[in-house]
Amino acid sequence: VAELAEAPAPPRDAVLAQIAGLRRIAIVPALNEEQTVGRVIEEIRAFDPGFDIVVVDDGSTDRTAGLAADLGAHVLRLPFNLGIGGAVQTGYRFAFERAYDIAVQVDGDGQHDPGEIARLEAAMRKDPSVDMVCGSRFMTGERAYPAPISRRTGIHLFAFLLSRFIRERVSDPTSGFRLYNRRAIDLFARDYPHDYPEVEAVLMLHHHRLRMTEVPVRMYSRGGGVSSIGAGKSAYYMIKVLLALFVGLARARPVVEPGDRAPVTAEHGI
Amino acid sequence: MDTRIQILALIATGVLLFIVLELVRRRRLQERYALLWLVSTVFLLILAAWRDALTKVADLVGIAYPPNALFFLAFAAILVVLLHFSVVISRLSDQTKILAQRLAMLDERLRRQEAPVLLEAEGEPEPEPEPEPLTARRFSPR
């Protein structure tokens, strides 16, 4: 196991004790991930049995939904493919309606290590003003993140632009390994971007006066199955997200009342 | 202009007008979308009936060849209609998304209720808080 450049993962038991009283849920978006979804569920349980797990099945044609249900997870079966944005938003709505206090998003393809939820949790406990914690694959000392150069270039471009827009350093805005508190769940249950949502979501969060922070995590190559982003879609991805970012800059901002630190509702007009 | 072509144009636009109205009558076309078509059909009817209209309009905006004015107007009208459709499609896909999400959540709830045996096998079922309707609080200031 390679060492992380940053501090070692916080002790699991200490983190678990801090969140013991909170209703917590893991949201696992999955599209044809029958090879990995079971392992992801078991690893989340192994980390913390107190996590409820909801698998959002975005129109899989394999046994993803059945496997997850057999393992006792909540399974939200979307009647047709909504894309990752619509799928994870279903998870946030579920979390919002069932009044969960914290939600963690873990991809169903096995690229995130549920054991590292401890890092995300620790960051949120350390600073209660933080509403979202992102796992960043670029804050570790390793340069070994397995992704084609084109995708890495795209990620760094988004990171550069976002950091300028929100005036805070963002190193990995496309990471889908994220922890949300109640306020962030509330916001994203109401409104979440469509196709490639993570980058835009950071900007949305900022506009709604919510705060985010990043912690270093490792990400793995997919454990199996096929990524939803093929090579041909990469260019479209870049252009779509860039457009979304610049449109997002001109979008309606939330109105902040004096003394109201973080509203999640918005009115039209900049 | 030949009178025959004018009669032909009048008949054609009349048929178009009839088709649009008939679609509305049979509830195959909603009034709100029929409106755009009705306006453009009436517009065509005016052009067909009033011979000099096109020439006058072309003169007014400085188009030398009157049929070009017609093409320009038709092109602009079609663009507006298509843009309108894109807006409608966006709204529909948004609504469809929300419906799919609701459906998935209701489906999950139903399956849980219909399979109580499975729940017991995993331990005591957790008490679920009353679901909070998302729409009720939408856009209300905090």
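Being a predicted model, the structure only gives us computed values, none of them experimental.

Participant: Quick question: what am I supposed to make of the overall build of chain B here?
Facilitator: From N to C terminus, chain B includes five helices and zero strands. When the helices and strands of chain B are read in sequence order from the N terminus, they spell out α-α-α-α-α. Scored against the burial criterion, the 142 residues of chain B give a buried share of 17%. Considering only contacts within chain B whose residues lie at least 6 apart along the sequence, 54% involve residues at least 24 apart.

Participant: Help me understand the sheet that holds strand β7 (residues 212-216) of chain A, please; the structure alone is not making it clear to me.
Facilitator: Note: strands within a sheet are paired through backbone hydrogen bonds, in either parallel or antiparallel orientation. Residues and elements named next belong to chain A. Sheet architecture is open: seven strands sit in the order β3-β2-β1-β4-β6-β5-β7, paired in mixed fashion. Lying at the two open borders of the sheet, with one neighbouring strand each, are β3 (74-77) and β7. Strand-to-strand, the axes of this sheet are offset by a mean angle of 20°, without reference to chain direction. Summarising the sheet, strand β1 (residues 24-30) and strand β4 (residues 102-105) pair through four bridges and their orientation is parallel. What sits directly across from Ile-25, in β4, is Ala-103. Packing against the sheet, helix α2 (residues 37-47) makes contact with β1 and β2 (52-57), and its axis sits at approximately 160° to β2. Helix-sheet contacts for helix α7 (residues 182-190) involve β4, β5 (132-136) and β6 (178-180), and the interaxial angle to β6 is about 100°.

Participant: How should the confidence of the model for chain B be read in this particular structure?
Facilitator: All names here are of chain B. Confidence along chain B averages 81 in pLDDT terms, with 80% of residues attaining 70 or more. Taken element by element, chain B is modelled with least confidence in helix α5 (residues 116-121), mean pLDDT 53, and with most confidence in helix α4 (residues 66-114), mean pLDDT 90. Two numbers describe this predicted complex: its pTM, 0.79, and its ipTM, 0.80.

Participant: Sorry, what's going on with the pairing of β3 of chain A here?
Facilitator: All names here are of chain A. Across four bridges, β2 lies against β3 in parallel orientation. Bridge pairing in β3 links Val-55 to Val-75. You can see the chain leave β2, run along helix α3 (residues 64-70) and come back into β3, and the turn it takes is right-handed.

Participant: Help me understand the nonpolar core, please; the structure alone is not making it clear to me.
Facilitator: One recurring pattern in soluble globular proteins: nonpolar side chains tend to sit buried together. In this structure, Tyr-92, Met-132, Tyr-180, Phe-188, Leu-205 and Leu-245 of chain A are the most contacted members of the largest nonpolar core, which totals 45 residues. Of all hydrophobic cores here, the second largest spans 33 residues; its members include Leu-16, Phe-47, Ile-102 and Met-219 of chain A.

Participant: Mind showing me how you'd approach the packing of aromatic side chains here?
Facilitator: Each aromatic ring pair is specified by the distance between its two centres and by the angle formed by the two planes. Residue and element names in this part refer to chain A. For the coordinates displayed, the defined rule picks out ten aromatic pairs over all chains. Taking the centre distance of 6.5 Å and the plane angle of 40° together, the rings of Phe-47 and Phe-51 count as tilted. Taken as a pair, Phe-47 and Phe-51 share a single burial class, namely buried. Measuring from ring centre to ring centre gives 5.0 Å for Tyr-92 and Tyr-192, while their planes differ by 80°; the resulting arrangement is edge-to-face.

Participant: Teacher, can you tell me more about the side chain of Thr-90 of chain A here?
Facilitator: Mapped onto the secondary structure, Thr-90 of chain A falls in helix α4 (residues 83-97). By relative accessible area, Thr-90 of chain A is classed as buried at 0%.

Participant: I'm lost on the pattern of salt bridges in this one. Help?
Facilitator: In a structure, side chains of opposite charge can pair up when their charged atoms sit close to one another. Using the criterion set out here, one finds 17 salt bridges over all chains in the structure. Among the ionic pairs, Glu-43 of chain A bridges to Arg-39 of chain A, the shortest N-O distance being 3.6 Å. Placement of both Glu-43 of chain A and Arg-39 of chain A in helix α2 is noted, with a separation of four residues, approximately one turn of the helix. Residue Glu-43 of chain A is classed as partly exposed on the basis of its relative accessible area, which comes to 32%. A residue is classified by how much of its surface remains accessible, and Arg-39 of chain A, at 39% relative accessible area, is partly exposed. Two residues, Arg-26 of chain B and Glu-22 of chain B, come together in a salt bridge whose shortest N-O distance is 3.1 Å. Assessed through its relative accessible area of 52%, Arg-26 of chain B is described here as exposed. Residue classification places Glu-22 of chain B among the buried residues on the basis of a relative accessible area of 16%. Salt bridges linked by common partners bring Arg-98 of chain A together with Glu-108 and Arg-112 of chain B together as one network.

Participant: Looking at this structure, how should I read α4 of chain B?
Facilitator: Within an α-helix, residues lying three or four positions from one another point in the same direction, as the helix has 3.6 residues per turn. A rise of 1.5 Å per residue sets the reference length of α4 of chain B, with its 49 residues, at 72 Å; its end C-alpha atoms lie 71 Å apart and thus fit the reference within 8%. By the burial criterion, the buried members of α4 of chain B are Ala-69, Val-81, Val-88, Lys-97, Ala-100, Gln-101, Ala-104, Met-105 and Glu-108 of chain B. Each element contacted by the buried residues of α4 of chain B is listed here: β3 and α4 of chain A together with α2 (31-49) and α3 (53-61) of chain B.

Conventions we followed
Residues numbered from 1 in each chain as written. Chains lettered and ligands numbered in written order. Predicted model: local features only at pLDDT ≥ 70, side-chain atom pairs only at ≥ 80, totals over all residues. Heavy atoms only, no water. Helix = DSSP H or I, 4+ residues; strand = E, 2+ residues; numbered from the N terminus. Buried < 20%, exposed > 50% of the residue type's maximum accessible area, 1.4 Å probe, protein only. Contact = heavy atoms within 4.5 Å. Pairing = 2+ DSSP bridges. Axes fitted to C-alpha atoms, helices over the stretch in contact; angles between N-to-C directions. pLDDT = per-residue confidence, 0-100. Right-handed = clockwise from strand over helix to strand, strands pointing away. Core = buried A, V, L, I, M, F, W, Y, C linked by side-chain atoms within 4.5 Å. Phe/Tyr/Trp six-rings, centres within 6.5 Å; stacked < 30°, edge-to-face > 60°. Salt bridge = Lys/Arg side-chain N within 4 Å of Asp/Glu carboxyl O. Expected span 1.5 Å × (residues − 1).

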